[in-house]
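Structural overview
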Amino acid sequence: MAKVEEKSVATGLSDERLRDLFREMLLMRRFEEKVEERFRAGELPGFLHVAIGQEAVAAGVMSALEPDDTIMSTHRAHAHTLAKGTHPNAIMAELYGKLEGCSQGYGGSMHLYDVANGMLGANAVVGGGLPQITGTALAYKLRKQPRVAVAFFGDGATNTGAFHESLNLAQLWKVPALFVLEMNGWAESTPMSQHLPITDLSERAKAFGMKAISVDGQDVEAVHDATAEARAYAVEGNGPVFLNVRTYRMVGHYIGDPQVYREKDEIADLRDTKDPIELLRARLEISDEDFEALDTEVTAIVEASVEFAKAGTDPNPEDALKYVYA
Amino acid sequence: MPELTYREAVRDALSAAMRQDEDVFIMGEDIAEMGGSMGVTQGMLAEFGPERVRNTPISEIAIVGAGIGAAMQGMRPVVEIMYQDFLTISMEQIVNQAAKHRTMSGGQLKVPLTLRTQGGAGWSPGAQHAQQVESWFCHVPGLKVAYPSTPEDVRGLLWSSIYDDNPVIFFEHRLLYPLKGEVPEEIEPIPFGKARVMREGSDVTVIAIGRMVPEAMQAAQDAEQEGISVEVIDPRTLLPLDEEALIASVKKTTRCVTAHEAVTRGGFGAELAAVVQSGAFDYLDAPIERVGAKFAPLAFSPAMEQWAVPHAADVLEAVKRTVARA
């Protein structure tokens, strides 16, 4: 039978570890703010989505994974990729379309890859990565490797056929996969009320007999603990786990989204009450002085990534054909 | 030399690869106890067990996606899609995912996936179990497409597909399964992009695919009675395509007919005609003729079905039209 468990107060991480995660989340925030700024300045081509407000999900999930575990991400992939261990320089260079980018300029924001670090790709097709995470986890099971494969997706993806087929097959074959729902309540501009007939999406996992854990996605420690529990369950051969992570997108769907579909004061309210960085800062009682020092440090890293990217190499146009076939 | 049916030749390649390589496994609908809807995988469950001969739910998105995921981990899955009509259900995973990972990742990923499928008219299955869709996939950079017509070629090309580091869409024709032919004692891999001259001739080149290869051979025999010498070439793989061999043949014969069972309009014959006219324009003595099915969803009633799809007589008529022009 399916189990749906509510995680309450988590206690699994030392203050030192939490401070590391705080620094990581602040780096993500400053990175995303810089991306917004440089996009608005006209320096970044393409189509970008930032994860401001969702940092604790990326930091918390990845903090509970082992280096050999793998992930596939979504169109909103910068924070996941940073958390999986890719250097900010490699991501920023990718956003600038440079050879030094983590996908050598072939992917861009929505197709970040860093296979050596276990990042198997950001996917710009909603739900598109989920079947492949089921298959990646199948390979781990067949090869008897103690690894998990992790799919990130939003509530919008839970309406796709790929989602339902992937969860069904993963549970049927009991593969070591984690399905991490970043439940931010929006499918682009469409609110839950217009795209979901139910509010608790763990019900969808339960329908396949899958273990589901609901967790507050603004609490990095709770996310870590839930992921650690899920990972242990999956690698022990019990099957996949659905992590239902409630989080908040404190920005538009894409950079430049006028958000005509959203109340003006909603974002201000979210920033006051749900900002995962402010919540952790209060909990750890980080002084203004310490905060300034950390902020200066991560901001310098982000500034350096922009300098690195701008100094990067433009690809030869003809190299567009280089990787069509292996 | 031993003799095998086309069906046995497919099974032989699959089994031989699975005997020597733990990374090769097969999955698809009804392939285990039942041995596949065409009996291709009969007996394989007993030899290899259910972990490596995996019956799947009716979930074409998840089956193909899971194959991609396992392939990205370096396994060599062979996925069976029961009828090629059902490839349409998994199109997103094939076109947006399998075909693009290598380029989008800047060369970090390989997808050594073989996707076997079959179909074809001739037994009145109606419009959703008989169409030929090989040309759809020839339009997708990153895929390879094979469509062998003899037992020897299906065995050697399937072997090469399994050991190719790219996603291969491997077409078999339902009516070819009982066809018998000599095969080498040991499996000899057949390279992609190498056409086979099935029959030499001097007046007209017929480039035929799939079931139309034996039909073209029949037409060539019939033409010989009328004093016309027909060369029949089977490209065997459509992507990559052995353009050189086709052009060289037409330079010799000065006339060309293309023949496939798929509808003529937008079919692979159009690509073949373009390749030939561009490479052998100064040698052509007649417009290139295309033989294919009439432009309609395939009707059920045998008389309509047989009228709509091409046969040896249609190839013969096209051959005579090209000769009449000279």
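Look a little higher up for the structure.
Structure report, in brief. (Residues numbered from 1 in each chain as written. Chains lettered and ligands numbered in written order. Predicted model: local features only at pLDDT ≥ 70, side-chain atom pairs only at ≥ 80, totals over all residues.)

Right, let's talk about the overall build of chain B for a bit. For chain B, the helix and strand inventory stands at 12 helices and 14 strands. Computed over C-alpha atoms, the radius of gyration of chain B comes to 19 Å, within 12% of the 20 Å expected from 2.2 N^0.38 for 326 residues, which places it in the range of a compact globule. C-alpha extents for chain B along the principal axes are approximately 60 × 45 × 40 Å. Partitioning the contacts of chain B with sequence separation of at least 6, the portion at a separation of at least 24 is 79%. (Helix = DSSP H or I, 4+ residues; strand = E, 2+ residues; numbered from the N terminus. Rg over C-alpha atoms; globule rule 2.2 N^0.38 Å. Contact = placed C-beta atoms within 7 Å.)

This brings us to the environment of G105 of chain A. Positionally, G105 of chain A belongs in the loop between helix 4 (88–95) and strand 3 (119–122). Taking the number of C-beta atoms within 10 Å as the measure of exposure, G105 of chain A has 22 and is therefore buried. For the pair G105 of chain A and I91 of chain A, spaced 14 residues apart in sequence, the C-alpha to C-alpha distance is 9.9 Å. Those residues within four positions of G105 of chain A in sequence are excluded, and the remaining contacts are E94, G97, K98, L99 and P315 of chain A together with G106 of chain B. (Buried ≥ 20, exposed ≤ 12 C-beta atoms within 10 Å, placed from the backbone.)

Now for the interface of chain B and chain A. Each partner contributes residues to the interface: chain B has 33 residues there, and chain A has 33 residues. Those elements giving two or more residues to the side of chain B that touches chain A turn out to be helix 3 (60–72), helix 4 (91–98) and helix 5 (101–104) of chain B. When residues in the side of chain B that touches chain A are grouped by element, the largest group, nine residues, is from helix 3 of chain B.

All names here are of chain A. With respect to burial, strand 9 (residues 241–246) is a largely interior element, five of its six residues being buried. Here strand 5 (residues 177–183) runs beside strand 9; their pairing, made up of six bridges, is parallel. Counterpart to M183 in the pairing with strand 9 is R246. Relative to strand 9, strand 8 (residues 211–216) is paired through six bridges, and the arrangement is parallel. Of the residues in strand 9, the one forming a bridge with A212 is F242. In this fold, strand 8 hands off to helix 9 (residues 220–238), which returns the chain to strand 9; that crossover is right-handed. (Pairing = 2+ DSSP bridges. Right-handed = clockwise from strand over helix to strand, strands pointing away.)

The next subject is the packing of helix 5 (residues 130–142) of chain A against helix 6 (residues 161–173) of chain A. For any two helices packed against each other, one specifies the inter-axial angle together with the distance between the axes. Residues and elements named next belong to chain A. Close contact between helix 5 and helix 6 brings their axes to 8 Å; oriented N to C, the two are set at 15 degrees. Classed by the angle they form, the pair helix 5 and helix 6 counts as roughly parallel. The crossing of helix 5 and helix 6 is left-handed. Here helix 5 contributes L130, P131, T134, A137 and L138 to the contact with helix 6, which in turn contributes A162, F163, E165, S166, L169, A170 and W173. For the contact of helix 5 with helix 6, the residue count by class is nine nonpolar, two polar and one charged. (Axes fitted to C-alpha atoms, helices over the stretch in contact; angles between N-to-C directions. Parallel < 35°, antiparallel > 145°, perpendicular 65-115°, else oblique. Left-handed = near helix turned anticlockwise from the far one by under 90°. Nonpolar A, V, L, I, M, F, W, Y, C, P; charged D, E, K, R; others polar.)

What follows covers the packing of helix 4 of chain A against helix 12 (residues 288–310) of chain A. All names here are of chain A. Their axes nearest at 8 Å, the elements helix 4 and helix 12 cross at an angle of 45 degrees. Classed by the angle they form, the pair helix 4 and helix 12 counts as oblique. Considering the relative orientation of helix 4 and helix 12, their crossing is right-handed. For the pair formed by helix 4 and helix 12, the contact residues are P88, N89, M92, A93 and L95 on the first element and I301, V302, S305, V306, F308 and A309 on the second.

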